[in-house]
Amino acid sequence: MLPNTGKLAGCTVFITGASRGIGKAIALKAAKDGANIVIAAKTAQAHPKLPGTIYTAAEEIKAAGGKALPCIVDVRDEEQISSAVEKAVEKFGGIDILVNNASAISLTNTLETPTKKVDLMMNVNTRGTYLTSKACIPYLKKSKIAHILNLSPPLNLNPLWFKQHCAYTIAKYGMSMCVLGMAEEFKGEIAVNALWPKTAIHTTAMDMLGGSGIESQCRKVDIIADAAYCIFKKPKSFTGNFIIDENILKEEGIKNFDVYAITPGHPLLPDFFLDEQPAIVTKKADSYGAVPELKEEKTQPPPKPRSGAVEETFRIVKDSLSDDVVKATQAIYQFELSGEDGGTWFLDLKSKGGNVGYGEPSDQADVVMSMSTDDFVKMFSGKLKPTMAFMSGKLKIKGNMALAIKLEKLMNQMNSKL
C-alpha cells in the first residue's frame, strides 16, 4: 500500500458520493494526512441495502485524523451543491480538491432502459459532475493545489462499449468529456484528470450488479484511494490525463498488487471501457473503416459443442431443482441459443418444483438470454462467468437484470455438478 506523506494536511477536499465505497476510501486516505473533507452525498439516514451515511462517514474521517463537514447533496440539485460549497468555504476557508465520484448505473440496453433511469444517469453522472465543478472552480482557482478528479473512464469509441448499455456509457463519457474540456479551459490554473480502475472494484454497488461471489474477482477500494492520492501530489501542470489506477501506482514503484486483491491470486474481472482487458476485443478492424467487432482468438478454432451438450446441461439443471430453489428465485428464464443443439429453451423457477425444457415457457419470461450453445455450456459449468460474458458481448440480456443476477448465484451452486 502507498504510504501517506502528509502532503494534504490542511487541504480541503470536496467529494461527491463520499458516504461509502470509493468516495469514502479517498476521503479516509486524505484524512490520514489531516485533510478537511466535505462529504457531499445524499444518504443522511441509513439505507436498508447500502451501509453508511454522511454522518457515519464523518465519524470515520475524524477517527482517521481529518476534519469532516457532512452535507446533504443530491448532485442533481444545483442549490444543494451551491449550499455545500458555501458551507465548505465558510468552515475551511476554501476548496483545494474536488472529486466527482457520485454516479448512477443501469447496465440495460436501449429498449430496456426506462426514461427515468436515463434521466438519473445523465443528471447524476454528466450534469452533476459539470455543475459541481462549476460551483467549485472559483475557489479552486485560488488554491495552490487545485485539482479536479473525475471517476470516469478513458474515452474509448469502440462500439462494443455502447451496444449493451448505451445510456450508461454516454453518461459516464460525459464525465470524461468534462475532463477533456475543463483541463484545456483551466490549463495552468487547475489540474483536471480522470481516474478509472483496471479491474472491478469491490463496492456495495458491485455486489448488487454482480451478485454473491463477485468479490473474489475484485480489488479493494484502497487501490483507487492510493491512485487518487498519487494524482493529488502532482503539480497543476499534470492535467488532461485519463489515468488507470494500476499504471500510476506502478510509476510510484508499487510491484505487489496482491495487497489490493480481495482474494489474492484469484483471476480478476476487468473493468468496462478498457480494450486491452477482454483479449477477445480486437483493436484493428479487418479492413480500413470497418467497425470493430468481437473476435475469437485465431490460434485455434473454438471446439464445436459436443452433441446434445445443451440437453445434457438442462438435464443436470433439472435434477438440481427443488421447491427451495424455486421459492428463492421466482423467475422464468428463456434462452435463445445459436449454433448446434441450439434453439429456444426455458428454465421455469416460478412453478412448483421448477421445470426446464425445449421451446418457449408457458408463461412470459422475466429474462431472455441470447448466446451461443458453446458459451451456454461453458457458463453453466463455471468456465465462463456470466458477468464477463455480458461485458464482452457474448451474452445479451433482456428483461429484469436483478433476476439475471439471481441466476448467476444459482449457477455458482450448480457448478460442482456440471
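Preceding this paragraph is the structure being described.
If you're wondering where the values come from, they're calculated on a predicted model, not measured in any experiment. (Residues numbered from 1 in each chain as written. Predicted model: local features only at pLDDT ≥ 70, side-chain atom pairs only at ≥ 80, totals over all residues. Heavy atoms only, no water.)

A. View of the pattern of salt bridges. As enumerated under the stated definition, the model contains 15 salt bridges in all. The partner of Arg315 in a salt bridge is Asp319, with the nearest N and O atoms 3.1 Å apart. With Arg315 and Asp319 both in helix H10 (residues 309-320) and four residues apart, this pair spans about one turn of that helix. With relative accessibility at 42%, the residue Arg315 sits in the partly exposed group. By relative accessible area, Asp319 is classed as exposed at 56%. Here the residues in one salt-bridge network are Lys198, Arg219, Glu246 and Lys250, joined through shared partners. (Salt bridge = Lys/Arg side-chain N within 4 Å of Asp/Glu carboxyl O. Helix = DSSP H or I, 4+ residues; strand = E, 2+ residues; numbered from the N terminus. Buried < 20%, exposed > 50% of the residue type's maximum accessible area, 1.4 Å probe, protein only.)

B. Just the pairing of strand S6 (residues 191-196), in detail. When you tally the buried positions in S6, you get six out of six residues, the bulk of the element. Taking every second residue as pointing to the same face, both faces of S6 are buried, with Ala191, Asn193 and Leu195 on one and Val192, Ala194 and Trp196 on the other. Taken together, the four bridges between strand S5 (residues 147-150) and S6 define a ladder with parallel strand orientation. Bridge assignment links Asn150 to a residue of S6, and that residue is Ala194. Examined bridge by bridge, S6 and strand S7 (residues 242-244) share three bridges and lie parallel to one another. (Pairing = 2+ DSSP bridges.)

C. A look at the sheet that holds strand S3 (residues 67-72). What the seven strands build is an open sheet, ordered S3-S2-S1-S4-S5-S6-S7; its pairing is parallel. Looking at strand neighbours, the two that pair on one side only are S3 and S7, the edges of this open sheet. The sheet shows a mean angle of 20° between the axes of neighbouring strands, direction not considered. Direction of pairing for strand S1 (residues 12-16) relative to strand S4 (residues 97-100): parallel, over a ladder of three bridges. Residue pairing in the sheet places Ile15 in a bridge with Val99 of S4. Sheet strands in contact with helix H2 (residues 54-64) are strand S2 (36-41) and S3, and its direction is about 170° off that of S3. Contacts from helix H3 (residues 78-92) reach S1, S2 and S3 within the one sheet, and its direction differs from that of S3 by about 160°. (Axes fitted to C-alpha atoms, helices over the stretch in contact; angles between N-to-C directions. Contact = heavy atoms within 4.5 Å.)

D. Structural view of a nonpolar patch on the surface. Residues Leu155, Met177 and Leu180 make up a contiguous nonpolar surface patch of about 280 Å² in total accessible area. Relative to the helices and strands, Met177 resides in helix H6 (residues 166-185). Taking the relative accessible area as the measure of exposure, Met177 reaches 53% and is therefore exposed. (Patch = residues over 30% accessible without salt bridge, like charges linked within 9 Å, V, L, I, M, F, W, Y side chains within 5 Å. Areas by Shrake-Rupley, 256 points an atom, 1.4 Å probe, with all protein chains shown as cover.)

E. Structural detail: H10. When the terminal C-alpha atoms of H10 are compared, their 17 Å separation across twelve residues agrees well with the 16 Å that a helix rising 1.5 Å per residue should span. Taken together, the buried positions of H10 are occupied by Ala309, Val310, Thr313, Phe314, Ile316, Val317 and Ser320. Mapping the buried residues of H10 onto a view down its axis gives an arc of 160°, with all of them on the same face. Turned more than 90 degrees from where H10 packs its buried face, Glu311 and Asp319 sit exposed. (Expected span 1.5 Å × (residues − 1). Arc of directions from axis to C-beta.)

F. View of the environment of Lys220. Turning to its location among the elements, Lys220 is positioned in the loop between helix H7 (204-210) and helix H8 (222-232). Of the residues examined, Lys220 reaches a relative accessible area of 30% and is grouped as partly exposed. Residues Lys220 and Ile22 lie 198 residues apart in sequence; the distance between their C-alpha atoms is 9.1 Å. When near neighbours in sequence (up to four residues on either side) are disregarded, Lys220 contacts Ile201, Val259, Tyr260, Ala261 and Ile262.

Such coordinate-based values are descriptive only and should not be taken to indicate function.
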